[in-house]
Amino acid sequence: QVQLVESGGGLAQAGDSLRLSCLVSGRTLSWLPMGWFRRTPGNEREFVAALNWSGSTTYYADSVKGRFTISRDNAKNMVYLQMNSLKPEDTAVYYCAASRVLSSVTGEYNYWGQGTQVTVST
């Protein structure tokens, strides 16, 4: 079993930066592709970013490309999402997730964290 715990969310102003962290426990992280998703009220979870086990391959949603960076530290069982140039439309609950395959598809992810709220004001 894999447990994921996100942290680092909070309030920010447009243009600010935040870094989300995801601690993975219960199983070694080193071979699992990981992703970040987000959800706004009334909407489905949407893909934000993902990376493979080594971090050598990354995928981003067009809406965050060039502003967000996903990374990982397998020795610490941590995955990060650096969010720069935040916009009000980035306001959402952000979820860390683990999968057996590198994917942008929500259904491919087997393990999910509880989410962390990010709110960006103008």
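The rules behind these values
- Counting from 1, residues in each chain are numbered in the order their sequence is written.
- Local features are withheld for residues below a pLDDT of 70 in this predicted model, meaning they are given only at 70 or higher, and side-chain atom pairs are given and counted only at 80 or more; totals for whole chains, interfaces and linings count all residues.
- Water and hydrogen atoms were dropped before computing side-chain values, which therefore reflect all heavy atoms in the structure.
- Every helix listed is a DSSP run of H or I at least four residues long, and every strand listed is a run of E at least two residues long, numbered separately from the N terminus.
- Every radius of gyration here is taken over C-alpha atoms, with the globule rule written as 2.2 Å times N^0.38, N being the number of residues.
- Only protein chains enter the accessibility calculation, which uses a 1.4 Å probe. A residue is then buried if its area is under 20% of the maximum for its type, exposed if over 50%, and partly exposed in between.
- Calculation of accessible area relied on Shrake-Rupley with a 1.4 Å probe; when residues are assessed, cover is drawn exclusively from the protein chains displayed.
- The convention is simple: Lys and Arg are positive, Asp and Glu are negative, and His and the chain ends are not counted.
- Charged side chains are reduced to one point each, which is NZ for Lys, CZ for Arg, CG for Asp and CD for Glu.
- Here, residues are in contact when the closest pair of their heavy atoms is within 4.5 Å.
- One side-chain nitrogen of Lys or Arg within 4 Å of one carboxyl oxygen of Asp or Glu is enough to make a salt bridge.
- Two strands pair if DSSP finds at least two bridges between them.
- Axis geometry follows a simple rule: fit a line to the C-alpha atoms, using only the stretch in contact for helices, then measure angles between N-to-C directions, giving values from 0 to 180 degrees.
- The term nonpolar core refers to a set of buried residues drawn from Ala, Val, Leu, Ile, Met, Phe, Trp, Tyr and Cys, joined through side-chain atoms within 4.5 Å.

S.K.: What exactly am I supposed to notice about the overall build of the chain here?
M.R.: When its secondary structure is counted, the chain shows 0 helices and 11 strands. The helix and strand sequence of the chain, counted from the amino end, reads β-β-β-β-β-β-β-β-β-β-β. Taken over C-alpha atoms, the radius of gyration comes to 13 Å for the chain, in line with the 14 Å a tight globule of 122 residues would show. In terms of overall dimensions, the chain has a C-alpha envelope of 40 × 30 × 25 Å along the principal axes. Counting over 122 residues, the chain shows a buried share of 43%. By element, 48% of the accessible surface of the chain is carried by carbon and sulfur atoms, the whole surface being about 5,900 Å². Both charge centroids of the chain, one from 11 positive and one from 9 negative side chains, sit 6 Å from each other.

S.K.: How should the environment of valine 64 be read in this particular structure?
M.R.: Its place among the elements puts valine 64 in the loop between strand 6 (58-60) and strand 7 (68-73). Take valine 64: its relative accessible area is 0%, and that puts it in the buried class. A sequence separation of 54 residues divides valine 64 from valine 118, and the C-alpha atoms of the two residues are 14 Å apart. Apart from residues lying up to four places away in sequence, valine 64 is in contact with Arg38 and Val48.

S.K.: What is the right way to look at the pattern of salt bridges in this model?
M.R.: Tallied over the full model, the rule gives 4 salt bridges. For aspartate 62, the salt bridge identified is with lysine 65, shortest N-O distance 3.1 Å. Residue aspartate 62 shares its accessibility class with lysine 65, and that shared class is exposed. Sharing partners across several salt bridges, the network here consists of Arg38, Glu46, Arg67 and Asp90.

S.K.: Honestly, the sheet that holds strand 8 (residues 78-83) in this entry has me stumped. Any pointers?
M.R.: Think of a sheet as strands paired side by side through backbone hydrogen bonds, with each pair either parallel or antiparallel. Taken in spatial order, the 4 strands make up an open sheet running 1-3-8-7, and their pairing is antiparallel. Strand pairing shows two members of the sheet lacking a second neighbour, strand 1 (3-7) and strand 7, which therefore form its edges. The average undirected angle you get between the axes of adjacent strands in this sheet is 15°. With 6 bridges connecting them, strand 3 (residues 18-25) and strand 8 associate as antiparallel partners. What sits directly across from leucine 23, in strand 8, is methionine 78.

S.K.: Sorry if this is basic, but what is going on with the nonpolar core here?
M.R.: By size, the foremost hydrophobic cluster in this structure holds 34 residues, and its most contacted members are Leu4, Met34, Trp36, Leu81, Met83 and Tyr94. Among the elements of the structure, strand 3, strand 4 (34-39), strand 5 (46-51), strand 7, strand 8, strand 9 (92-99), strand 10 (109-112) and strand 11 (116-121) are those that each provide at least two residues to this core. Filtering out sequence-adjacent residues up to four positions away, leucine 4 remains in contact with Cys22, Leu23, Val24, Met34, Cys96, Ala97, Ala98, Tyr111, Trp112, Gly113 and Gln114.

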